[in-house]
Amino acid sequence: MSHYKTLTTLTNANLTSFIRGNQEEKQLSKNQVKNYLIKLPMIHYTFTMNQLPGTPTLILFDKQLNILSGWFGHQSIEQIESDINQWMTVI
């Protein structure tokens, strides 16, 4: 999916219910969000679109790409292994 199409999908799907005002004002707000995001360097865009707070970030997915768990900041190997092992019994 192209960068612009991703932004269009995001703003249409996620912002419509949060933006107040008439149709013209809503479109203006959506365009402002798209213009902001499209100007971000790719690394910032990736962090913004995936709602990653910073590094290190670890995200655990299942085979259907559902997010099972996530961690931000330094975690001990033991803590990460424990969390992953809990999910291994579920999936």
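These remarks concern the structure in this document. All values derive from a computational prediction rather than experimental measurement.

When helices and strands are tallied, the protein shows four helices and two strands. Out of the 91 residues belonging to the protein, those deemed buried represent 20%. Counting only contacts in the protein whose residues sit at least 6 apart along the sequence, the fraction spanning at least 24 positions is 28%. Summed over all atoms, the accessible surface of the protein reaches about 7,200 Å², with 57% contributed by carbon and sulfur.

The next thing to look at is a nonpolar patch on the surface. There is a patch of nonpolar side chains on the surface, built from Ile59, Phe61, Leu65 and Ile67 and spanning about 400 Å² of accessible area. With respect to the helices and strands, isoleucine 67 occurs in strand β2 (residues 67-72).

Here we take up the side chain of serine 69. Topologically, serine 69 is positioned in strand β2. When sequence neighbours within four positions are dropped, the list of residues in contact with serine 69 reads Leu58, Ile59, Leu60 and Trp87.

Before going further, it helps to spend a moment on helix α2 (residues 23-38). Helix length check: α2 (16 residues) gives 22 Å between terminal C-alpha atoms against 22 Å at 1.5 Å per residue, within 8%. Burial in α2 covers these residues: Lys30, Lys34 and Leu37. The arc enclosing the buried residues of α2, seen along the axis, measures out at 65°, which places them on a common side. What points out from α2, more than 90 degrees from its buried face, is the exposed set Glu24, Leu28 and Tyr36.

A separate point is the pairing of β2. In this structure, strand β1 (residues 57-61) lies alongside β2, joined through five bridges in antiparallel fashion. Counted as the bridge partner of leucine 60 is serine 69 from β2. Count of turn residues in the β1/β2 antiparallel hairpin: five residues, of which leucine 65 carries a positive phi of about 65°.

Cut-offs applied
- Residues numbered from 1 in each chain as written.
- Predicted model: local features only at pLDDT ≥ 70, side-chain atom pairs only at ≥ 80, totals over all residues.
- Heavy atoms only, no water.
- Helix = DSSP H or I, 4+ residues; strand = E, 2+ residues; numbered from the N terminus.
- Buried < 20%, exposed > 50% of the residue type's maximum accessible area, 1.4 Å probe, protein only.
- Contact = heavy atoms within 4.5 Å.
- Areas by Shrake-Rupley, 256 points an atom, 1.4 Å probe, with all protein chains shown as cover.
- Patch = residues over 30% accessible without salt bridge, like charges linked within 9 Å, V, L, I, M, F, W, Y side chains within 5 Å.
- Salt bridge = Lys/Arg side-chain N within 4 Å of Asp/Glu carboxyl O.
- Expected span 1.5 Å × (residues − 1).
- Arc of directions from axis to C-beta.
- Pairing = 2+ DSSP bridges.

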